[in-house]
Amino acid sequence: MSRSEAPPLPEPLRVPVADSHTHLDMQDGTVEEGLARAAAVNVTTVIQVGCDVKGSRWAAETAAAHASVYAAVALHPNEAPRIVHGDPDNWSRQGAREGGGTAALHEALAEIDALAALDHVRGVGETGLDYFRTGPEGMAAQEESFRAHIEIAKRHGKALVIHDREAHADVLRVLADAGAPERTVFHCYSGDADMARICADAGYFMSFAGNMTFKNAQPLRDALAVAPAELVLVETDAPFLTPAPYRGRPNAPYLIPVTLRAMAEVRGVDEDTLASAIAANTARAFDY
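Residues numbered from 1 in each chain as written. Predicted model: local features only at pLDDT ≥ 70, side-chain atom pairs only at ≥ 80, totals over all residues. Heavy atoms only, no water.

What the protein contains, in helices and strands, is 10 helices and 10 strands. In terms of overall dimensions, the protein is globule-like: its C-alpha atoms have a radius of gyration of 18 Å, near the 19 Å expected for 288 residues. If you line up the protein on its principal axes, its C-alpha atoms span 50 × 40 × 35 Å. Contacts in the protein between residues far apart in sequence, at least 24 positions, make up 71% of those at least 6 positions apart. Accessible area of the protein: about 11,800 Å², with a carbon and sulfur share of 53%. (Helix = DSSP H or I, 4+ residues; strand = E, 2+ residues; numbered from the N terminus. Rg over C-alpha atoms; globule rule 2.2 N^0.38 Å. Contact = heavy atoms within 4.5 Å. Areas by Shrake-Rupley, 256 points an atom, 1.4 Å probe, with all protein chains shown as cover.)

Structure follows, in structure tokens:
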């Protein structure tokens with residue numbers, strides 16, 4: 001079995017659910033094919049997430065063209081420092097870029113702000129902090145961008161979608177300091193049970209991805225076990241984080257049932273109960 005081969009279609013869910021975070025633009029095949037495969041297993045809604053200006057434009061256009069797609073638009077935490085300081089190594093696959101300073105960051109944020117006003121754009125994100133890929137020299141740009149996205153989400157009444165990688169304390173600090181929007185989603189939740197209790201107290205949604213099925217992911221399962229039922233979402237983050245037993249192969253929205261069933265086991269509920277809660281939570285989080 002090839003590592004590049006797409007996993008088989010799982011048994012369909014009985015209750016339709018949404019994939020709260022996916023990147024259709026990074027997946028093989030057409031959008032229509034991806035949505036049809038998802039619908040075949042009862043994943044009937046997807047949130048398409050932009051990571052830069054170009055990807056956010058694409059997300060908004062795709063959501064406008066497909067009734068089952070909503071968009072989230074943003075500059076990814078790793079994109080902000082690259083706009084400011086440059087990207088000579090072409091990490092973001094946009095060609096080598098010169099740094100444009102804070103003026104370029106403000107220009108890009110103005111474009112995200114304009115996209116966030118569109119009706120089929122229901123989220124501002126993924127934004128936040130990432131200390132895994134960006135070193136100390138990029139932290140100021142990341143935080144400035146994060147704070148700007150919080151303001152954009154509040155101004156347009158949209159959900160804030162958080163990317164938090166190895167930056168838990170600072171993400172929570174900025175949210176508390178700036179004032180989180182009414183609806184805030186921790187995408188690909190990566191904290192432990194203690195942090196899940198903090199998020200629960202603040203009313204933040206926690207979205208779990210395929211990595212909660214990985215052998216070494218007990219802290220994620222512990223967090224999932226204590227997260228309130230009304231704040232739990234499910235996502236693929238496809239093409240990344242494919243759930244076990246398909247880890248390392250391409251992920252796509254149609255694999256949501258695999259992760260959802262593993263989540264139901266951790267929470268000790270049947271899959272229909274969890275799917276019903278997740279469907280309602282995602283609609284509430286993204287206001288559709």
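A few words now on the pairing of strand β2 (residues 43–49). For β2, a buried count of six out of seven residues is recorded, marking the element as mostly surrounded by other parts of the structure. Pairing geometry for strand β1 (residues 17–22) and β2, over four bridges, is parallel. Bridging across to β2, A18 finds its partner in T45. What joins β1 to β2 is helix α1 (residues 31–40), and the crossover it makes is right-handed. Pairing geometry for β2 and strand β3 (residues 69–73), over four bridges, is parallel. By the bridge assignment, Q48 is partnered in β3 with A71. (Buried < 20%, exposed > 50% of the residue type's maximum accessible area, 1.4 Å probe, protein only. Pairing = 2+ DSSP bridges. Right-handed = clockwise from strand over helix to strand, strands pointing away.)

Tracing the backbone through its elements, the reader meets R249 in the loop between β10 (232–234) and α9 (256–267). When the C-alpha atoms of R249 and F186 are compared, they prove to be 24 Å apart, with 63 residues separating the residues in sequence. A polar contact is formed between the side chain of R249 and the backbone oxygen of A6, at a distance of 3.3 Å. (Polar contact = N/O pair within 3.5 Å; in protein donor to acceptor, adjacent residues only side chain to side chain.)

Between helix α5 (residues 139–156) and helix α6 (residues 168–178), whose axes approach to 11 Å, the crossing angle comes to 45 degrees. Classed by the angle they form, the pair α5 and α6 counts as oblique. For the element pair α5 and α6, the recorded crossing hand is right-handed. Residue-level contacts link E143, F146, R147, I150, E151 and K154 of α5 to V171, R173, V174, L175, D177 and A178 of α6. (Axes fitted to C-alpha atoms, helices over the stretch in contact; angles between N-to-C directions. Parallel < 35°, antiparallel > 145°, perpendicular 65-115°, else oblique. Left-handed = near helix turned anticlockwise from the far one by under 90°.)

Take the sheet that holds strand β6 (residues 121–130) next. Read from one edge of the open sheet, eight strands run β1-β2-β3-β6-β7-β8-β9-β10, paired in parallel fashion. Looking at which strands have only one partner, the edges of the open sheet turn out to be β1 and β10. Across this sheet, the average inter-strand angle for adjacent strands is 30 degrees, counted without regard to direction. Where β3 meets β6, three bridges bridge the pair, whose relative direction is parallel. Across the sheet, the residue bridging to A72 is G123, located in β6. Running over the sheet, α5 touches β3, β6 and β7 (159–165) and is turned about 160 degrees from β6.

Pairs can form between side chains of opposite charge whenever their charged atoms are close. Inspection of the entire model under this criterion finds 11 salt bridges. Two residues, E143 and R173, come together in a salt bridge whose shortest N-O distance is 2.9 Å. One end of the pair, E143, is in helix α5; the other, R173, is in helix α6, with 30 residues separating them in the sequence. We classify E143 as buried; its relative accessible area is 18%. The partly exposed category is assigned to R173, whose relative accessible area is 37%. (Salt bridge = Lys/Arg side-chain N within 4 Å of Asp/Glu carboxyl O.)

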